Amino acid sequence: MRVHIATDHAAFELKEYLVSRLKEDGFEVVDHGAHAYDPEDDYPPFIIACAEAVVADEGALGVVLGGSGNGEQIAANKVRGVRAALACNVDLARLAREHNNANIVALGGRMQSLEEGYDIVRTFLDTDFPGEARHQRRIDLISEYENR
Ligand SMILES: O=C(CO)[C@H](O)[C@H](O)COP(=O)(O)O
């Protein structure tokens, strides 16, 4: 599976860690930056590029990172076709896929250890959307609004 990933300075270490671990695990990882640590950088350009790539790449999933993950989730959700969920534990990551068919997970690099962050991301990537009718119906209602 291809995984698109992006961060600002605040989760740069987590992004580097995730890229390395996911590649070891056999994922194809596309890194949309930041490509160097710059404490003054701004997350929207990195996150929006990543979110656009996820939408354009059928079957791919995305990971967006920042200090809290809040702004990153907000920015990603501005891109048509994105369903980005903020996850600070594995249960939220699993539910984001099972109930929301989220195609992007947002994490805060300041919110958990590197290993916990990896577990959250792996749970997100490893969980399928079962497509239960009630969840699909609700997702369709969101899409309908988005496309109006
Ligand atoms: O999480 C974020 C946005 O939601 C940013 O990563 C965070 O606001 C960056 O903070 P600072 O510039 O103080 O390092």
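Parameters and conventions
- Residues numbered from 1 in each chain as written.
- Predicted model: local features only at pLDDT ≥ 70, side-chain atom pairs only at ≥ 80, totals over all residues.
- Heavy atoms only, no water.
- UniProt positions renumbered as here; feature names shortened; annotations may be inferred.
- Buried < 20%, exposed > 50% of the residue type's maximum accessible area, 1.4 Å probe, protein only.
- Contact = heavy atoms within 4.5 Å.
- Near = heavy atom within 4 Å.
- Polar contact = N/O pair within 3.5 Å; in protein donor to acceptor, adjacent residues only side chain to side chain.
- Helix = DSSP H or I, 4+ residues; strand = E, 2+ residues; numbered from the N terminus.
- Pairing = 2+ DSSP bridges.
- Axes fitted to C-alpha atoms, helices over the stretch in contact; angles between N-to-C directions.

K.L.:
I tried to follow the UniProt feature "binding site: D-ribulose 5-phosphate" (unreviewed entry) in the chain on my own but got confused; where do I start?
P.N.:
The positions that UniProt labels "binding site: D-ribulose 5-phosphate" (unreviewed entry) are, in the present scheme, D8, H9, G67, S68, G69, N70, G71, N100, R110, R134 and R138. In three dimensions, the annotated residues from a span of 131 residues occupy distinct locations, with a maximal C-alpha spread of 38.8 Å. A residue is classified by how much of its surface remains accessible, and G67, at 8% relative accessible area, is buried. Aside from chain neighbours lying at most four places away, what touches G67 is D8, A10, E72, G108, G109, R110 and M111. With near-sequence residues (within four places) excluded, R110 lies in contact with H9, A10, G66 and G67.

K.L.:
What am I meant to see in the site of the ligand here?
P.N.:
Taken together, D8, H9, A10, Y43, G66, G67, S68, G69, N70, G71, E72 and R110 form the complete shell of residues around the ligand. Note that an oxygen atom of the ligand is positioned 2.8 Å from one of the backbone N or O atoms of G71. Counting residues per element, the shell around the ligand draws most heavily on helix α3 (residues 70-76), which supplies three residues.

K.L.:
Looking at this model, I keep getting lost on the side chain of Q112. Mind explaining?
P.N.:
With respect to the helices and strands, the residue Q112 is situated in the loop between β5 (104-108) and α5 (114-126). A polar contact is formed between the side chain of Q112 and the backbone oxygen of G108, at a distance of 2.7 Å. In this structure, Q112 is in contact with L14, C88, L107, G117 and I120, ignoring residues within four places of it in sequence.

K.L.:
I tried to follow the sheet that holds strand β3 (residues 61-66) on my own but got confused; where do I start?
P.N.:
Sheet strands line up and pair through hydrogen bonds in the backbone, either parallel or antiparallel. The five strands are arranged β2-β1-β3-β5-β4 in an open sheet whose pairing can be described as parallel. Only two strands of the sheet have a single partner each, and these edge strands are β2 (28-31) and β4 (84-86). Averaged over all adjacent pairs, the angle separating strand axes in this sheet is 25°, with direction ignored. Contacts from α5 reach β1 (2-7), β3 and β5 within the one sheet, and its direction differs from that of β5 by about 170°.

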